[in-house]
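Residues per chain are reported as follows:
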Amino acid sequence: MTNLEAFLSTQDEKDIIEAICNAEDKTSGEIRVHIEHASNKALFERALEVFHYLKMDETEQRNGVLIYVAIDNRQFIIYGDLAINEKVDDSFWDTTRDAMQSQFRIGNFKQGLINGILKAGEELKVHFPWNASDIDELPNEISKG
Ligand code: CA
Ligand code: CA
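The model shown is predicted, which means the values in this text are computed figures rather than measured ones.

**Student:** Which parts of the structure should I look at to understand the coordination of the calcium ion (ligand 2)?
**Tutor:** Summarising the metal site, the calcium ion (ligand 2) is bound by the protein donors Glu24 (OE), Glu24 (OE), Glu30 (OE), Asp136 (OD), Leu138 (O) and Asn140 (OD1), whose distances to it range over 2.2 to 2.7 Å. Coordination geometry of the calcium ion (ligand 2): the six donor atoms subtend angles of 51 to 171 degrees at the metal centre, consistent with an arrangement described as irregular. Sequence positions of the donors to the calcium ion (ligand 2) reduce to the motif E-x5-E-x105-D-x1-L-x1-N. A spacing of 5.8 Å is found between the calcium ion (ligand 2) and the calcium ion (ligand 1), which share Glu30 as a donor. Separated by 116 residues along the polypeptide, Glu24 in helix H2 (residues 10–24) and Asn140 in the loop between helix H6 (109–127) and strand E4 (143–144) bring together distant segments of the chain. An identical accessibility class is assigned to Glu24 and Asn140; each is buried.

What follows is the structure in structure tokens.
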């Protein structure tokens, strides 16, 4: 079992949070990262459960993106809320996934997460640009289950 703390160092976490802040500076969308050891159910089902648990389905514009990682399985899912799926095409999720997977494969989890966050941020920026009335609806910290 990989230790959750060993998976990402304190500095790694800071860098990831900074990536979320940078991405959210350009979009009203909300990005969150959740890491846990293993999913006790089908990966997609579990990601959806976490999405609701983190109240990511309660954003005003329904534009939250969750990056869910089960570290023992080296598996992850990028889950976007309703309004996102109405606007982006499927290839978006593939390129975001690929940007993460290439780094995960070589054990560089921090960079994989940062790639995913920035990629998601770029796409969100196109469809949900940041505006002066935007608020940070969801905390940018990494959630650990
Ligand atoms: Ca926001
Ligand atoms: Ca946020």
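**Student:** Looking at this structure, I do not really get the nonpolar core. What am I missing?
**Tutor:** As a rule of thumb, soluble globular proteins bury nonpolar side chains together. One finds Ile16, Val33, Ile35, Val69, Leu113 and Ile117 to be the most contacted residues of the largest nonpolar core, which totals 31 residues. Counting residues per element, the ones that place at least two in this core are helix H1 (4–7), H2, strand E1 (30–36), strand E2 (64–70), strand E3 (75–80), helix H4 (82–87), helix H5 (90–105) and H6. Looking at which element gives the most residues to this core, the answer is H6, with six residues. The contacts of Ile16, once residues within four sequence positions are left out, are Leu8, Val33, Lys110, Leu113, Ile114, Ile117 and Ile142.

**Student:** Is there a simple way to think about the pattern of salt bridges in this case?
**Tutor:** Where charged atoms of side chains with opposite charge meet at close range, the side chains can pair. Applying the stated criterion across every chain yields a total of eight salt bridges. In this structure, the salt-bridge partner of Lys144 is Glu13, at a minimum N-O distance of 2.6 Å. Placement of the pair is Lys144 in strand E4 and Glu13 in helix H2, with a sequence separation of 131 residues. Given a relative accessible area of 32%, Lys144 falls into the partly exposed group. A salt bridge links Lys41 to Glu49; the shortest N-O distance between them is 2.6 Å. The network of salt bridges with shared partners includes Glu36, Lys41, Arg46 and Glu49.

**Student:** Would you explain helix H3 (residues 43–53) in this entry?
**Tutor:** Owing to its 3.6 residues per turn, the α-helix aligns residues three or four sequence positions apart on the same side. Residues of H3 that are buried: Leu43, Arg46, Ala47, Val50 and Phe51. The buried residues of H3 occupy an angular sector of 145 degrees when projected down its axis, which confines them to one face. Phi for Lys55, located one or two positions after H3, is positive at around 60 degrees.

**Student:** For this particular structure, what's the right way to read the packing of H5 against H6?
**Tutor:** When two helices pack together, their arrangement is given by the angle between the helix axes and by the axis-to-axis distance. Between H5 and H6, the least distance of the axes is 7 Å, while the angle of their chain directions is 165 degrees. One element, H5, and the other, H6, form an angle in the roughly antiparallel class. Judged by the sense of rotation from one axis to the other, the crossing of H5 with H6 is right-handed. For the pair formed by H5 and H6, the contact residues are Phe92, Thr95, Thr96, Ala99, Met100, Gln103 and Phe104 on the first element and Phe109, Gln111, Gly112, Leu113, Asn115, Gly116, Lys119, Ala120 and Glu123 on the second. When grouped by side-chain class, the residues that make up the contact of H5 with H6 number seven nonpolar, seven polar and two charged.

Calculation criteria
- Residues numbered from 1 in each chain as written.
- Chains lettered and ligands numbered in written order.
- Predicted model: local features only at pLDDT ≥ 70, side-chain atom pairs only at ≥ 80, totals over all residues.
- Heavy atoms only, no water.
- Donors = N, O, S within 2.8 Å, 3.2 Å for Na, K, Ca; no water.
- Tetrahedral: all angles 85-135°; square planar, octahedral: opposite > 155°, others 65-115°.
- Helix = DSSP H or I, 4+ residues; strand = E, 2+ residues; numbered from the N terminus.
- Buried < 20%, exposed > 50% of the residue type's maximum accessible area, 1.4 Å probe, protein only.
- Core = buried A, V, L, I, M, F, W, Y, C linked by side-chain atoms within 4.5 Å.
- Contact = heavy atoms within 4.5 Å.
- Salt bridge = Lys/Arg side-chain N within 4 Å of Asp/Glu carboxyl O.
- Arc of directions from axis to C-beta.
- Axes fitted to C-alpha atoms, helices over the stretch in contact; angles between N-to-C directions.
- Parallel < 35°, antiparallel > 145°, perpendicular 65-115°, else oblique.
- Left-handed = near helix turned anticlockwise from the far one by under 90°.
- Nonpolar A, V, L, I, M, F, W, Y, C, P; charged D, E, K, R; others polar.

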